[in-house]
Amino acid sequence: MSAVQPSQKPREEEKRRIFADLTPLRTSADYRRLWFGNTVSWVGQGMTALAISLQVYDITGSAFSVGLVGLCSLVPLVVFGLYGGAIADTVDRRALGLVGATGSAVLSAGLAAAAFAGFHRVWFLYAIVALQAVCNALNSPARSAMIPRLIPPEQLRAANALNSMVMTFGTLVGPSLGGVIVGFAGYQTAYTIDAVAFSASLYAMWRLPSMPPERGGTEGGSSAQGKPRGRERAPVLDGLRFLGTRPNLRATFVSDLFAMILAQPKALFPAVAALWFGGDARTTGLLVAAPAFGALLGGVVSGWQGRIRHHGQAILIAVAAWGLAIAAFGLSRNLWIGLLCLAAAGFADTSSMIFRNTMMQVAAPDEVRGRLQGVFIVVVAGGPRLGDFVAGSVADLTSPVVAITGGGLLCVLAVGVFALYARGFRRYDALDPTP
C-alpha cells in the first residue's frame, strides 16, 4: 500500500474530526466480526419485534394485547439483566455470548416453524418474547464487556460510536423491513430470515478468542496483564456496591435517568400527533422515527468527540441539550419543526451514550464490567417505561404541553443542580480516568 501523500493527510484528518472514526474496524478483525454480527442481529431483532406485534394484533384485534408484548419483554430484561452481568463476570464471555445467540436463533426458528405449521397462539408468542428477552439479558452484557478486550483504550470512544450506529440502524431499518416482508411474504418468511441472521451473529462470535474475566483489573480499565478468573462467583450485589463507591460511574447513570424519567415524551406521541399536528398513525410514526434518525446522524458525525477529554462535562451538556430539545418540541405546532427538535434530542442522546459507555469501559476494571452492563440494561429498559408513566400521568392531570415542555425544562434544571454537586464528574479526564 502506498504511503499517504502530505497533501492527503489534512483531508483525512478533517474527515476523522467530522465523521465516525473507523479505526476499530480497520485495525481489529475480532472487533470487526463482533460489530458485523451485532449489525445483522439488531436488524433481525427489529424485524421480528414488529412481526410479532403485527401477528398478535391479527390474532386478537386488540391494541392492549399488543401492548402486553412490550411488558413480556421488559420484565425479563429487568429481572435477568443484573444476573446476566454477574454471569458475564464469572464465565468465558465468548461462551456466554454463544449461548445467548444460540438461544435467540432457536427461538426465531421456533417462531418460523409455528408460522409454517399454522400454529397461531398469543400465549406462545408472549412466551417467545419473554425467552428472547432472557437471551438478550445474558448476551448483551457479555458482548459489551468484550469490546475493551478487543481494542486498545484509546479506540473505545470510536467503537462506542460505531455501536450506537448499529443499534439505531437496527431500530430504523429492522421494523421497516419486517413490515415489508410480512406484507409480501408472511410471518414465516420474516421469522426465517431472523433465524438466518442470528446464524451470522453465531459465526462471528465463534471466531472470537476465549475471553474469561480478568482478575485484578486496574482502576484505569482495560488491562492486558489481568489473569483469567475462572469460575469464581461474581455476586450481583458486589457490582452494585462497586458502583456505589465510584461516584463518576454512578453519575453516568444518574444523569441519564434525568432524561429518561423527566423528559420522555414517547407515550404522548399519538395524542400530540392528532391534537397538535392534525395527523394520524403515519404522523405518529414520523415522531417515533425522528429521534432515531437524529441518533443515527449523531453516530455518523461523531468524529469531533475524539477531541473531548472531559467526558463527564460532555454528558451533562448532552443531557441538558436533550431536555432543551424536548422542551422546544412541546412548544412547536409545526410538524417539521417538531421533527427537527426530536432529531436534535436523538443527536444529543447518542452523544451522551457514547461518552457514558466509554467511561464504563475505561474507568471500571474488567472483573466488574459485565455487572455494570447489567445495571445499564436495567436502567435503559426500565427508565423510559417509568418516564412514559410520568409523562402520561402529568398529561392527564394537566396537559401534554405541561408534561413535555415542563419535563424538558425540569431535566435541564436537574442537570444544572447535579452539576454543582458532582464536581468530580465535571472534571473527569479521559486521559486520567477515575471511576
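Residues numbered from 1 in each chain as written. Predicted model: local features only at pLDDT ≥ 70, side-chain atom pairs only at ≥ 80, totals over all residues. Heavy atoms only, no water.

### Some words on the pattern of salt bridges
Proximity of charged atoms lets side chains of opposite charge pair with each other.
Argument step 1. Under the definition given, this model contains 2 salt bridges.
Argument step 2. Residue R356 pairs with D256 through a salt bridge whose shortest N-O separation is 3.4 Å. Pair noted here: R356 is in helix α14 (residues 335–363) and D256 is in helix α10 (residues 247–262), with a separation of 100 residues, a long-range link.
Argument step 3. Taking the relative accessible area as the measure of exposure, R356 reaches 5% and is therefore buried. (Salt bridge = Lys/Arg side-chain N within 4 Å of Asp/Glu carboxyl O. Helix = DSSP H or I, 4+ residues; strand = E, 2+ residues; numbered from the N terminus. Buried < 20%, exposed > 50% of the residue type's maximum accessible area, 1.4 Å probe, protein only.)

### What about the nonpolar core?
Argument step 1. In this structure, V272, L287, W322, F329, C411 and F425 are the most contacted members of the largest nonpolar core, which totals 40 residues.
Argument step 2. Looking at this core, the elements that each hand over two or more residues are α10, α11 (269–275), α12 (281–300), α13 (311–331), α14, α15 (366–397) and α16 (400–421).
Argument step 3. If you look at the next biggest cluster of nonpolar residues, it comprises 22 residues, including L107, L111, A115 and Y191. (Core = buried A, V, L, I, M, F, W, Y, C linked by side-chain atoms within 4.5 Å.)

### Thoughts on the environment of N38
Argument step 1. Its place among the elements puts N38 in helix α3 (residues 29–60).
Argument step 2. Once the C-alpha coordinates of N38 and M205 are considered, the two residues, 167 residues apart in sequence, prove to be 9.6 Å apart.
Argument step 3. When neighbours within four sequence positions are excluded, N38 is seen to be in contact with R143 and V166.
Argument step 4. For N38, the side chain forms a polar contact with the side chain of R143, separated by 2.9 Å. (Contact = heavy atoms within 4.5 Å. Polar contact = N/O pair within 3.5 Å; in protein donor to acceptor, adjacent residues only side chain to side chain.)

### Observations regarding the packing of aromatic side chains
Argument step 1. Applying the stated rule across the entire model yields 10 aromatic pairs.
Argument step 2. Note on F119 and W123: the rings are 6.1 Å apart at their centroids and 85° apart in plane angle, and the pair reads as edge-to-face.
Argument step 3. Under the relative-accessibility criterion, F119 is labelled partly exposed at 32%.
Argument step 4. Residue classification places W123 among the exposed positions, given a relative accessible area of 57%.
Argument step 5. Between W276 and F329 the ring centres are 6.0 Å apart and the planes differ by 55°, which places this aromatic pair in the tilted class. (Phe/Tyr/Trp six-rings, centres within 6.5 Å; stacked < 30°, edge-to-face > 60°.)

### Re the packing of α3 against helix α7 (residues 156–185)
Argument step 1. Interaxial distance between α3 and α7 falls to 7 Å at its minimum, and their mutual angle equals 35°. Judged by the sense of rotation from one axis to the other, the crossing of α3 with α7 is right-handed. (Axes fitted to C-alpha atoms, helices over the stretch in contact; angles between N-to-C directions. Left-handed = near helix turned anticlockwise from the far one by under 90°.)

### Remarks on the packing of α15 against α16
Argument step 1. In contact at an axis separation of 6 Å, α15 and α16 are set at 135° when each is read in the N-to-C sense. One way to sum up the angle between α15 and α16 is to call them oblique. Of the two elements, α15 crosses α16, and the hand of that crossing is right-handed. Along its contact with α15, which presents A391, V394 and A395, the element α16 presents P400, V402 and A403.
Argument step 2. Along the lines of polarity and charge, the residues of the contact of α15 with α16 split into 6 nonpolar, no polar and no charged. (Parallel < 35°, antiparallel > 145°, perpendicular 65-115°, else oblique. Nonpolar A, V, L, I, M, F, W, Y, C, P; charged D, E, K, R; others polar.)

### Focus on α3
Argument step 1. Here α3 contains 32 residues, and its C-alpha end-to-end distance of 47 Å stays within 8% of the 46 Å for a straight helix at 1.5 Å per residue.
Argument step 2. Immediately downstream of α3, the backbone of G61 shows phi near 65°, a positive value. (Expected span 1.5 Å × (residues − 1).)

### Focus on the side chain of T252
Argument step 1. Mapped onto the elements, T252 comes out in helix α10.
Argument step 2. Non-local contacts of T252, meaning those with residues more than four positions away in its chain, are made with I315, R356, M359 and F425.

### Notes on the environment of S41
Argument step 1. Mapped onto the secondary structure, S41 falls in helix α3.
Argument step 2. Considering only alpha carbons, one finds S41 and M167, 126 residues apart in sequence, at a separation of 9.7 Å.
Argument step 3. Those residues within four positions of S41 in sequence are excluded, and the remaining contacts are R143, F198 and S201.
Argument step 4. Only 3.1 Å separates the side chain of S41 from the backbone oxygen of N38, close enough to count as a polar contact.

### Considering the environment of G374
Argument step 1. Within the secondary structure layout, G374 lies in helix α15.
Argument step 2. Its relative accessible area of 0% is what places G374 among the buried residues.
Argument step 3. Spatially, the C-alpha atoms of G374 and L77 are 9.3 Å apart, while their sequence positions differ by 297 residues.

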